Amino acid sequence: MPSGPEPRAVFGVRVSIGANSMLTTYVCYINTGRTLTNRRICDEVSFIKIVSGYWPSIYNPTRENLFEVNGLNCDVFEDSTTFEKFPSCVPFDSLWKIRFSVYPFRNRHELGWSNKYHKPSPAQEIYLVDRYGISHIDGDFFLDTSFWLLLNDVTDPIWIANYKSLK
């Protein structure tokens, strides 16, 4: 009896205001080859610890730094003075910008890349569908290869300029 593909981890992010006024929601799944199972919603710190291999988990049983594998400088770093561990992933700090034209909460006056106030412009929405398979910014997760592509894109000045130019 032939067996299906090996189950593998799938990671993703949704960019919309969610629980506790967080701008991003992170998710882990196991792809069985037929369906996504073992869904786990994570906060940013836990997500970085899982994906970087810092924590053991069913989503990263080999504890490989999957950020590094995908060309991203994200990890649990150690402060050289205090020796405290802190998770960091610079691309995560820019994810809100694909959805908002200005940071949506008080006390931070930073501009986003969206050409509409609280959601991408029509041309940006079409682009998100074509490039990442995201048809509803409020509900869809950037998953699997689209997740890794997005994280690399939001750190690329040429991609940012192109995205901002979509009216």
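Here the structure is shown first, and the text comes after it.
Just so we're clear, the structure is a prediction, and the values are computed from it rather than from any experiment. (Residues numbered from 1 in each chain as written. Predicted model: local features only at pLDDT ≥ 70, side-chain atom pairs only at ≥ 80, totals over all residues. Heavy atoms only, no water.)

Draft legend 1. Broad picture of the overall build of the protein chain. When helices and strands are counted, the protein chain shows five helices and six strands. Dimensions of the protein chain, computed from the C-alpha atoms along their principal axes, are close to 50 × 50 × 30 Å. Taken over 167 residues, the protein chain has a buried fraction of 41%. Pairs at least 24 residues apart make up 43% of the contacts formed inside the protein chain by residues separated by at least 6 positions. Within the structure as shown, the protein chain displays about 9,600 Å² of accessible surface, and the carbon and sulfur contribution to it stands at 52%. The distance from the centre of the 17 positive side-chain charges to the centre of the 18 negative ones in the protein chain is 7 Å. (Helix = DSSP H or I, 4+ residues; strand = E, 2+ residues; numbered from the N terminus. Buried < 20%, exposed > 50% of the residue type's maximum accessible area, 1.4 Å probe, protein only. Contact = heavy atoms within 4.5 Å. Areas by Shrake-Rupley, 256 points an atom, 1.4 Å probe, with all protein chains shown as cover. Lys, Arg positive; Asp, Glu negative; His and termini not counted. Charge placed at Lys NZ, Arg CZ, Asp CG, Glu CD.)

Draft legend 2. Molecular detail of the packing of helix α3 (residues 122-132) against helix α5 (residues 157-165). The geometry of α3 relative to α5 is characterised by a closest axis approach of 9 Å and an angle of 135 degrees between their N-to-C directions. Comparing the axis directions of α3 and α5 gives the class oblique. Note on element contacts: α5 touches α3 through W159, Y163 and K164, opposite Q124, Y127, L128, R131 and Y132. The class makeup of the residues in the contact of α3 with α5 is five nonpolar, one polar and two charged. (Axes fitted to C-alpha atoms, helices over the stretch in contact; angles between N-to-C directions. Parallel < 35°, antiparallel > 145°, perpendicular 65-115°, else oblique. Nonpolar A, V, L, I, M, F, W, Y, C, P; charged D, E, K, R; others polar.)

Draft legend 3. Focus on the nonpolar core. One finds F11, F67, F92 and F142 to be the most contacted residues of the largest nonpolar core, which totals 35 residues. Of all the secondary structure elements, the ones that give two or more residues to this core are β1 (8-15), β2 (24-31), α1 (44-51), α2 (66-69), β4 (74-78), α3, α4 (145-153) and α5. When residues no more than four places from it in sequence are discounted, the contact partners of F11 are V27, C28, F47, I50, V51, Y59, L66, F142, L143, D144, F147 and W148. (Core = buried A, V, L, I, M, F, W, Y, C linked by side-chain atoms within 4.5 Å.)

Draft legend 4. Region of the structure containing the sheet that holds strand β3 (residues 36-42). Spatially, the four strands line up as an open sheet ordered β3-β2-β1-β6, and their pairing is antiparallel. Pairing within the sheet leaves two strands with one partner each, and these edge strands are β3 and β6 (142-143). Bridge count between β2 and β3: five bridges; the pairing is antiparallel. Note on β3: the bridge partner recorded for C28 is R40. (Pairing = 2+ DSSP bridges.)

Draft legend 5. Region of interest: the side chain of N31. Relative to the helices and strands, N31 resides in strand β2. Assessed through its relative accessible area of 19%, N31 is described here as buried. Not counting residues within four places of it along the chain, the set of residues in contact with N31 comprises E6, P7, R8, V10 and L36.

Limitation: the analysis is restricted to geometry and does not speak to function.
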